[in-house]
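# Structural features, examined
Listed below, chain by chain, are the residues.
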Amino acid sequence: MKLVRTVLLCLVLVVKLSYSQEEGEEVEAEAPEEHAEGPGGEVVDERKPCAGWMGGVPGTPGHNGASGRDGRDGRDGTKGETGEPGAPGEKGDTGEPGLTGPEGPRGFPGTPGLKGDQGESALLYRSAFSVGLIDRTPMPNVPIKFNKIFYNGQRHYDDSTGKFRCSIPGVYYFTYHLTVYLKDVKVSLYKSDKTIMFTFDQFQENNIDQASGSIVLHLETGEEVWLQVYGEEAYAGIYADNINDSTFSGFLLYPDMKTVNGAR
């Protein structure tokens, strides 16, 4: 509504201005122009800038113009001071394991550890014997009775039968050294009625020879070991006197673990 009033007012002013211009032109045509002379003789126009004119009503402000283009970026400013450290962030997820690195140099030896408790002595399990022959010609195919006792502390060897009887299950070592004289010798070592090994030696006339053998056996409680002449009497050349011995010996190397742990 305000815009309509403004337009109407402008139209009235235009009409009025046109009428005023026409009257002015008629006056100028009828009367010659009179000009005042200045001090230097120049013609001075005495008309005022707005003589015979009516001032118009101010127009309405125009619309805002479009925004100008962005200017160029300014120069980088000087580096500011270091700010305060920020608060620690949340712990991140565990990463993938890295590759195994090269082996490092060998370290220095550590300090010696404390002395351990005393272990169970192997001497708690004893079994050993060593015997010799008294008779010159033992009978064939029966256990040889070695009646000359060198050692039989645990009495695991029975001199009445010529057999060693196992009382502690484990591993045993047996050995024999026999003097050979007048006949050939063929002797066998038995374990519970089973021949385990043979030894043969041929007699050389007018010479005293030696036959020997040794073996390691595992025995269970109650098993027996002995020597006997194998075959005919012609192989019973085992000999012994006051300067020549024929011996049979054996001893426990180590007991079974179940025995050491007390579970016989």
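Look up: the structure comes first, before these words.
Not measured: the values here are computed from a predicted model.

Right, let's talk about the side chain of Gln228 for a bit. Within the secondary structure, Gln228 sits in strand β10 (residues 224–229). Assessed through its relative accessible area of 7%, Gln228 is described here as buried.

A few words on the nonpolar core. If you look at soluble globular proteins, the nonpolar side chains tend to sit buried side by side. The biggest cluster of nonpolar side chains holds 32 residues, and the ones touching the most others in it are Phe146, Phe174, Leu189 and Phe248. Looking at this core, the elements that each hand over two or more residues are β3 (128–132), β7 (170–191), β9 (209–219), β10, β11 (236–239) and β12 (247–255). With eight residues, β7 is the largest single contributor of residues to this core. Residue contacts for Phe174: discarding those within four places in its chain leaves Phe129, Phe164, Leu189, Gly213, Ser214, Ile215, Leu217, Leu219, Val225, Phe248, Ser249 and Gly250.

This part is about the pairing of β3. Counting buried residues along β3, four of its five residues qualify, which places the element largely inside the surrounding structure. Direction of pairing for β3 relative to β12: antiparallel, over a ladder of five bridges. Among the inter-strand pairings, Phe129 is bridged to a residue of β12, identified as Gly250. The pairing of β3 with strand β4 (residues 148–151) spans three bridges and is antiparallel. Note that in β4 the partner of Val131 across the bridge is Ile149.

Thresholds, definitions, all that
- Residues numbered from 1 in each chain as written.
- Predicted model: local features only at pLDDT ≥ 70, side-chain atom pairs only at ≥ 80, totals over all residues.
- Heavy atoms only, no water.
- Helix = DSSP H or I, 4+ residues; strand = E, 2+ residues; numbered from the N terminus.
- Buried < 20%, exposed > 50% of the residue type's maximum accessible area, 1.4 Å probe, protein only.
- Core = buried A, V, L, I, M, F, W, Y, C linked by side-chain atoms within 4.5 Å.
- Contact = heavy atoms within 4.5 Å.
- Pairing = 2+ DSSP bridges.

Treat this as a map of the structure, not an account of what it does.
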